[in-house]
Amino acid sequence: MKRHPLPNFMPLVSLDRDGGLDRLDEVWDLRSRYIPCAIKLSYAVLNIVLQLSLNWTVLCALWHHLSAQGGTVENEVHHFDNIRDRDRRICFIWVASTVACLETVATLFLFVWGWILLLKFTCSESEFVAFINLELFFRDYIPLVQCFSSIKMGYYVHPAKIRQDHQEWHHEVSCCGVKLAHDNHGRVGHVLVTIAFVISRVFCAAVAVMGFGVKVVIVAEHMMHTQYNFWLSWAQLIVLLLNSCIGIVILEEELQDRVFLFIFAGTDADYQEGERCIRDVYRARLAHKIWEDYWQVG
């Protein structure tokens, strides 16, 4: 079989010098964005409300268990009765309560982070700082809140994500303004960054596994017990679990990152410090252009 040379399509690929900002109206139809934007915002609010409601149920179960410690087993208020063994049920309640507390604290953190992004956008005197935070709010924050749960931690231990994050940690992690993995610190800095990275990934994996297991058991509890409305449990908990699993990896964000990597990362496909700055400046300029053309103009 003859071997034919592969076609060279790279001469046909061209990039505008301004990144296509002057053609924004040709590729970005505002009217087609209303419905997806409304759906994403609705999903974000609904997801947070359902997560907090579910965590409240788990914490109430823990409270009933602690309140019954001084009484008899018959007087104890039982939850998760589909777990027949009492000791195993109590162990599950503690694990579920740990996950609920972590999710509640993380939800509060997300709420504060969202306000910080908006405050930086409205109050910062630097246009770059203002619009890069606006871009982060809509590109990263809203999709994260839309599918946030403890299961989301599985994203950080995804095989395709670990290598990329490990490289970013070596480039970005710093202490007191000093980058630990810089060449001036020798192997010690690289070892410290690697140890911290491994510990963080083990923690994320543990939280993701516990969160998934807890939510599966809670869904089964609500589906099997007659005291819960079957269709309401189906509509709430199963949709919540499905949304959490689907949102582990946000495909749109990954595709955008691949495009940015192709454009800004150079021939080695690995971001250097200057290339990261150029990428962030472009993202800020893009957000600024959208703000000028579609918000200020109306």
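Please read all numbers here as calculations on a predicted model, not as lab measurements.

Draft legend 1. Structural view of the side chain of D165. Here D165 lies in helix α5 (residues 159-172). Taking relative accessible area as the criterion, D165 reaches 5% and is therefore assigned buried. A polar contact is formed between the side chain of D165 and the side chain of R201, at a distance of 2.8 Å. Beyond its immediate stretch of four places on either side in the chain, D165 contacts Y156, F197 and R201.

Draft legend 2. Geometry of the packing of aromatic side chains. Enumeration according to the criterion identifies eleven aromatic pairs in this entry. Plain terms: the ring middles of F260 and F264 are 6.1 Å apart, the flat faces sit at 45° to each other, and that makes the pair tilted. Placement of both F260 and F264 in helix α8 (residues 251-264) is noted, with a separation of four residues, approximately one turn of the helix. Exposure remark for F260: the relative accessible area of 10% places this residue in the buried category. Ring centres 6.5 Å apart and planes at 75° place the aromatic pair F260 and Y282 in the edge-to-face group. Of the two residues, F260 is situated in helix α8 and Y282 in helix α9 (residues 273-296); the sequence distance between them amounts to 22 residues.

Draft legend 3. Here's a closer look at the pattern of salt bridges. Per the stated rule, a full pass over the model turns up eleven salt bridges. The closest approach of N and O atoms between E103 and K215, which form a salt bridge, is 2.7 Å. You can see E103 sitting in helix α3 (residues 86-123) and its partner K215 sitting in helix α6 (residues 186-224), a full 112 residues away along the chain. A salt bridge links D165 to R201; the shortest N-O distance between them is 2.8 Å.

Draft legend 4. Representation of helix α2 (residues 34-67) in the model. Across its 34 residues, α2 extends 49 Å between first and last C-alpha, which sits within 8% of the 50 Å expected from 1.5 Å per residue. Listing the buried residues of α2 in full gives A44, N47, I48, L50, Q51, L54, N55, V58, A61, L62 and H65.

Draft legend 5. Region of the structure containing the packing of α2 against helix α4 (residues 127-146). As a packed pair, α2 and α4 sit with axes 7 Å apart at the nearest point and diverge in direction by 50°. Between α2 and α4, the angle falls in the class oblique. Along its contact with α2, which presents K40, L41, Y43, A44, N47 and I48, the element α4 presents I142, V145 and Q146. The residue makeup of the contact of α2 with α4, split by class, is six nonpolar, two polar and one charged.

Draft legend 6. Layout of α8. Here α8 spans 20 Å end to end across 14 residues, near enough to the 20 Å set by a 1.5 Å rise per residue. Turning to α8, its buried residues are E253, E254, F260 and F264. Projected onto a plane normal to the axis of α8, the buried residues spread over an arc of 120° and lie on a single side. Exposed positions of α8 whose direction lies more than 90 degrees from the buried face are L251, L255, R258 and F262.

The rules behind each value
- Residues numbered from 1 in each chain as written.
- Predicted model: local features only at pLDDT ≥ 70, side-chain atom pairs only at ≥ 80, totals over all residues.
- Heavy atoms only, no water.
- Helix = DSSP H or I, 4+ residues; strand = E, 2+ residues; numbered from the N terminus.
- Buried < 20%, exposed > 50% of the residue type's maximum accessible area, 1.4 Å probe, protein only.
- Polar contact = N/O pair within 3.5 Å; in protein donor to acceptor, adjacent residues only side chain to side chain.
- Contact = heavy atoms within 4.5 Å.
- Phe/Tyr/Trp six-rings, centres within 6.5 Å; stacked < 30°, edge-to-face > 60°.
- Salt bridge = Lys/Arg side-chain N within 4 Å of Asp/Glu carboxyl O.
- Expected span 1.5 Å × (residues − 1).
- Axes fitted to C-alpha atoms, helices over the stretch in contact; angles between N-to-C directions.
- Parallel < 35°, antiparallel > 145°, perpendicular 65-115°, else oblique.
- Nonpolar A, V, L, I, M, F, W, Y, C, P; charged D, E, K, R; others polar.
- Arc of directions from axis to C-beta.

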